[in-house]
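# Residue-level structure breakdown
The lines below spell out each chain.
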Amino acid sequence: MSDAYLALEDGRVVEARGRVPGRTRGELVFTTAYTGYEESLTDPSYEEQVLTFSYPLIGNYGVREERFESDRVHPRAAIAREFTEDVVEWLADEGIPAIDHLDTRDLVTSIREEGAMKCGIAVGPDATPEDAKAELAECKGMSEHTDIGAQVSVDAPEVYEGGSAATIALIDCGAKGSIVESLLERDATVHVLPYDATPEDVAAVDPDVLFISNGPGDPENFEAAEALVDAYVGDLPVAGICLGQQVVANALGGSTEKMAFGHRGVNQPVRDLESGRVVMTTQNHGYTVGEPGDRLNVTQVNVNDGTAEGLENEDLGVLTRQYHPEANPGPHDSLDFFDDVLDLVSTDTAVATSD
Ligand SMILES: NC(=O)CC[C@H](N)C(=O)O
């Protein structure tokens, strides 16, 4: 007899083995990453989602805090064909329901055909299909989580003293730790500011770059960050990763839209339009930039579906990526993005000096 039920928006209820008990709900998505489960589970971009791993065995190299991207697990629940005891113990400590021993190939195929969908989960000796359906009935769509930034952002500014290469105002919409680390490694000092920081809060740290982080949910719900881009573009270089790219596009007259099932994995091919070079990238997003608007050029595209992977305005010093150049987990092909962001500062200084 099953002790776990997964109720899907398409009406099905899937039976599974319960590994960590609980009741929960969220948007059901999948990642094809075959490594990096600790990084994915601690990525704040997964807030309010239920994460299915398409790779069948999750946990085979243990659980180490050094690999965490934040201080907690963000998906509401985790699903795999088989979780190891290490991962189950970790998720149990975190109170995150987990299920396995279900046909994840079938589940992933359904998400690919029908799109990311709402789901409800009930796990435990007393769980019933009706409990899972009751959770599903309460599940909101991602765009309805209008203040999701508050769930993942710092409450107050934090500073990470690196060096004097640049002072970065990183707007924390759910930033992964390795974005901060990538900047510190390049001798930058990073001020992490709350997702709803005001232009005055940014001015207070006197940055060289305004950097909008990755984050969960619908980019249209990050109006404060959009207002910051609007306030500073032209005066400061502006950079963004993932949700950051989407927020920058929305601020500069472009638009974003929801994808059917998104890109989540560590082998998404991206072509740079100028050099023709293709790099393998890590991705985790369910929205994409539809129209870049008049002020941004699309400089990189996804080889599989042509969606915008990089945006730029050289005159304004704007540079963004839809994928995750910090590469935790994933291939390191695109780490040079952080060098390019710091180069915006020297270019900016050079312009100021020659004035
Ligand atoms: N990793 C991210 O920043 C994700 C961005 C956004 N929440 C999306 O799903 O598209």
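As the structure is a prediction and not an experimental result, all values here were calculated from the model.

Taken together, Ser 45, Asn 214, Gly 215, Pro 216, Gly 217, Cys 242, Leu 243, Asn 284, His 285, Gly 286 and Tyr 287 make up the full set of residues near the ligand. Considering each element in turn, the shell around the ligand owes the most residues, 4 residues, to strand β16 (residues 278-289). The residue inventory of the shell around the ligand, partitioned by class, reads 4 nonpolar, 7 polar and no charged.

Sheet strands line up and pair through hydrogen bonds in the backbone, either parallel or antiparallel. Within the open sheet, the 10 strands sit side by side as β10-β12-β11-β13-β14-β19-β18-β17-β15-β16. Their pairing is mixed. Lying at the two open borders of the sheet, with one neighbouring strand each, are β10 (158-160) and β16. Ignoring strand direction, the axes of neighbouring strands in this sheet form an average angle of 20 degrees. The pairing of strand β11 (residues 166-172) with strand β13 (residues 209-212) spans 4 bridges and is classified as parallel. Note that in β13 the partner of Ala 169 across the bridge is Leu 210. Across the sheet, helix α9 (residues 243-251) is in contact with β13, β14 (238-241), β15 (256-272), β16, β18 (308-313) and β19 (318-321); its angle to β14 comes to roughly 130 degrees.

Looking at the protein chain, the domain boundaries give domain 1 (4-140) and domain 2 (149-354). For domain 1 versus domain 2, the separation of C-alpha centres amounts to 28 Å. Counting from both sides, the interface comprises 21 residues of domain 1 and, opposite them, 22 residues of domain 2. Elements with a minimum of two residues in the side of domain 1 that touches domain 2: β3 (22-31), α1 (37-41) and α3 (104-114). Per-element accounting of the side of domain 1 that touches domain 2 gives the leading share, 3 residues, to β3. When its residues are assigned to classes, the side of domain 1 that touches domain 2 shows 7 nonpolar, 8 polar and 6 charged.

Moving on to the sheet that holds β3. Sheet architecture is closed into a barrel: 7 strands sit in the order β1-β2-β8-β6-β4-β3-β9, paired in mixed fashion. When the angles between neighbouring strand axes are averaged without regard to direction, this sheet yields 35 degrees. Pairing between strand β1 (residues 4-8) and strand β2 (residues 13-20): 4 bridges, direction antiparallel. What sits directly across from Leu 6, in β2, is Val 14. Packing of helix α2 (residues 85-94) onto the sheet brings it into contact with β2, β6 (77-79) and β8 (98-100), and relative to β2 it is tilted by some 90 degrees. Here helix α4 (residues 129-138) sits on the sheet in contact with β1, β2, β3 and β9 (117-123), set at roughly 140 degrees to β9.

Further remarks concern the environment of Val 205. Examined against the element boundaries, Val 205 turns out to sit in the loop between α7 (199-204) and β13. Along the sequence, Val 205 and Lys 140 sit 65 residues apart, while their C-alpha atoms lie 37 Å from each other. Not counting the four nearest positions on each side in its chain, Val 205 is found in contact with Thr 167, Ala 169 and His 191.

Here the focus is the UniProt feature "binding site: L-glutamine" (unreviewed entry) in the protein chain. With numbering aligned to this structure, UniProt lists the feature "binding site: L-glutamine" (unreviewed entry) at Ser 45, Gly 215, Gly 217, Leu 243, Gln 246, Asn 284, Gly 286 and Tyr 287. Spatially, the listed residues are clustered: although they cover 243 residues, their C-alpha atoms lie within 13.3 Å of one another. Residue position: Gln 246 is located in helix α9. Since 33 C-beta atoms lie within 10 Å of it, Gln 246 is described here as buried. Setting aside residues up to four positions removed in sequence, Gln 246 forms contacts with Pro 219, Thr 256, Tyr 287 and Val 289.

A two-sided burial pattern is seen for β14, the buried positions comprising Val 238 and Gly 240 on one face and Ala 239 and Ile 241 on the other. The pairing of β13 with β14 spans 3 bridges and is classified as parallel. Residue pairing across strands places Ile 212 opposite Gly 240, the latter belonging to β14. On the question of chirality, the crossover connecting β13 to the parallel β14 by way of helix α8 (residues 223-232) is right-handed. Examined bridge by bridge, β14 and β19 share 4 bridges and lie parallel to one another. The residue of β19 that forms the bridge with Ala 239 is Leu 319.

What counts, and at which threshold
Residues numbered from 1 in each chain as written. Predicted model: local features only at pLDDT ≥ 70, side-chain atom pairs only at ≥ 80, totals over all residues. Near = placed C-beta within 6 Å. Helix = DSSP H or I, 4+ residues; strand = E, 2+ residues; numbered from the N terminus. Nonpolar A, V, L, I, M, F, W, Y, C, P; charged D, E, K, R; others polar. Pairing = 2+ DSSP bridges. Axes fitted to C-alpha atoms, helices over the stretch in contact; angles between N-to-C directions. Contact = placed C-beta atoms within 7 Å. Domains from an automatic or database assignment. UniProt positions renumbered as here; feature names shortened; annotations may be inferred. Buried ≥ 20, exposed ≤ 12 C-beta atoms within 10 Å, placed from the backbone. Right-handed = clockwise from strand over helix to strand, strands pointing away.

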